[in-house]
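Listed below, chain by chain, are the residues.
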Amino acid sequence: GENVEQHPSTLSVQEGDSAVIKCTYSDSASNYFPWYKQELGKRPQLIIDIRSNVGEKKDQRIAVTLNKTAKHFSLHITETQPEDSAVYFCAASFTGDDKIIFGKGTRLHILP
Amino acid sequence: DTGVSQDPRHKITKRGQNVTFRCDPISEHNRLYWYRQTLGQGPEFLTYFQNEAQLEKSRLLSDRFSAERPKGSFSTLEIQRTEQGDSAMYLCASSFFPGLETQYFGPGTRLLVL
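In this text, all values refer to a predicted model and were calculated from it rather than measured experimentally.

1. Let's talk about the side chain of S95 of chain B
Within the element layout of this structure, S95 of chain B appears in strand 9 (residues 88-95). Beyond its immediate sequence surroundings of up to four residues, S95 of chain B is in contact with H29, N30, R31, Y33, E101, T102 and Q103 of chain B.

Shown next as structure tokens:
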């Protein structure tokens with residue numbers, strides 16, 4: 001069925017270090033993979049997305065990689081800052097439905 | 001503010017009552033989605049519309065839930081005979097199709113059923 005698995009559920013990194021969050025998806029035909037950041041009490045905000053025709057996309061300190069063969073994709077945040085503390089959700093589209101399914105989220109803590 | 005808006009932002013109701021939430025999408029967006037989010041979980045897809053047509057409903061959506069988008073602009077989500085398990089954040093998102101598929105979320109309506 002339609003499923004997106006996300007790991008880890010919680011991640012603590014020292015300020016300035018890198019953080020990596022990984023997701024796998026079940027539908028080999030998925031072609032759109034957004035990442036959302038949600039701060040406490042606020043709406044999910046899109047931070048980066050990638051489509052299946054590319055393997056990597058970067059936007060300043062944030063990058064996403066996609067391995068279609070293995071059906072997994074990852075979010076990389078470099079030089080982490082306190083304001084990066086939030087819950088991050090990966091998602092994948094499911095062909096034919098034009099909807100996206102979210103992972104359960106990763107709570108990222110940036111330690112001073 | 002030209003983003004997605006939702007009303008009310010908070011709703012407290014007693015078990016068995018009916019509630020209705022409203023979502024106003026970004027004006028040029030033809031797709032509108034409803035999600036439910038509980039604490040510690042990602043948004044769960046409930047249903048979505050393209051213009052006024054409801055294209056899919058999740059199996060999660062019991063027959064107590066109904067959504068409409070009569071003129072292809074704003075949408076309403078009604079929950080009848082609310083149960084305590086309905087307590088959650090109800091999020092709305094909109095996008096433009098065909099296009100980049102990016103969904104923009106509203107601030108949500110937090111429902112508490114006592």
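Having put the structure on the table, let's press on.
2. Quick word on the packing of aromatic side chains
Evaluation of the coordinates by the stated rule reveals 16 aromatic pairs over all chains. Ring centres of F65 of chain B and Y90 of chain B lie 6.5 Å apart, and the angle between their planes is 35°; on these two criteria the pair is classed as tilted. Taken together, the residues span a long stretch of sequence, with F65 of chain B in strand 7 (residues 65-68) and Y90 of chain B in strand 9 at a distance of 25 residues. By the burial criterion, F65 of chain B is buried, and Y90 of chain B matches it. Each residue in the set Y36, F89 and F102 of chain A together with Y33, Y35, F45, Y48 and F105 of chain B is aromatic and connected to the rest through ring pairs, giving one cluster.

3. Overview of the interface of chain B and chain A
Taken together, the 21 residues of chain B in the interface contact 19 residues of chain A. Summing the contributions of chain B and of chain A, the shared interface buries around 1,700 Å²; its carbon and sulfur component is 46%. It is P43, E101 and F105 of chain B in chain B that bury the most area against chain A; as a group they hold 27% of the surface buried on that side. A salt bridge links K99 of chain A to E56 of chain B; the nearest nitrogen and oxygen atoms lie 2.4 Å apart. Viewed at the interface, chain A and chain B are joined by seven residue pairs in polar contact (both at pLDDT 80 or more).

4. Brief notes about the nonpolar core
Of all hydrophobic cores here, the largest spans 41 residues; its most connected members are W35 and L75 of chain A together with Y35 of chain B. Looking at this core, the element that brings in the most residues is strand 9 (residues 86-94) of chain A, giving eight residues. Counting residues in each nonpolar core, the second largest holds 19 residues, with F21, W34, A67 and C92 of chain B among its members.

5. Focus: the sheet that holds strand 6 (residues 56-59) of chain A
All names here are of chain A. On the basis of which strands lie adjacent, the open sheet formed by five strands has the order 1-3-8-7-6 and antiparallel pairing. Each of the sheet's edge strands pairs with one partner strand only, and the pair in question is strand 1 (4-7) and strand 6. Across the sheet, the mean angle from the axis of one strand to that of its neighbour is 15°, orientation sign disregarded. As judged from the four bridges shared by strand 6 and strand 7 (residues 62-67), these two strands associate in the antiparallel manner. Counterpart to K57 in the pairing with strand 7 is V64.

Rules used throughout
Residues numbered from 1 in each chain as written. Chains lettered and ligands numbered in written order. Predicted model: local features only at pLDDT ≥ 70, side-chain atom pairs only at ≥ 80, totals over all residues. Heavy atoms only, no water. Helix = DSSP H or I, 4+ residues; strand = E, 2+ residues; numbered from the N terminus. Contact = heavy atoms within 4.5 Å. Phe/Tyr/Trp six-rings, centres within 6.5 Å; stacked < 30°, edge-to-face > 60°. Buried < 20%, exposed > 50% of the residue type's maximum accessible area, 1.4 Å probe, protein only. Buried area = accessible area lost by both parts, 1.4 Å probe. Salt bridge = Lys/Arg side-chain N within 4 Å of Asp/Glu carboxyl O. Polar contact = N/O pair within 3.5 Å; in protein donor to acceptor, adjacent residues only side chain to side chain. Core = buried A, V, L, I, M, F, W, Y, C linked by side-chain atoms within 4.5 Å. Pairing = 2+ DSSP bridges. Axes fitted to C-alpha atoms, helices over the stretch in contact; angles between N-to-C directions.

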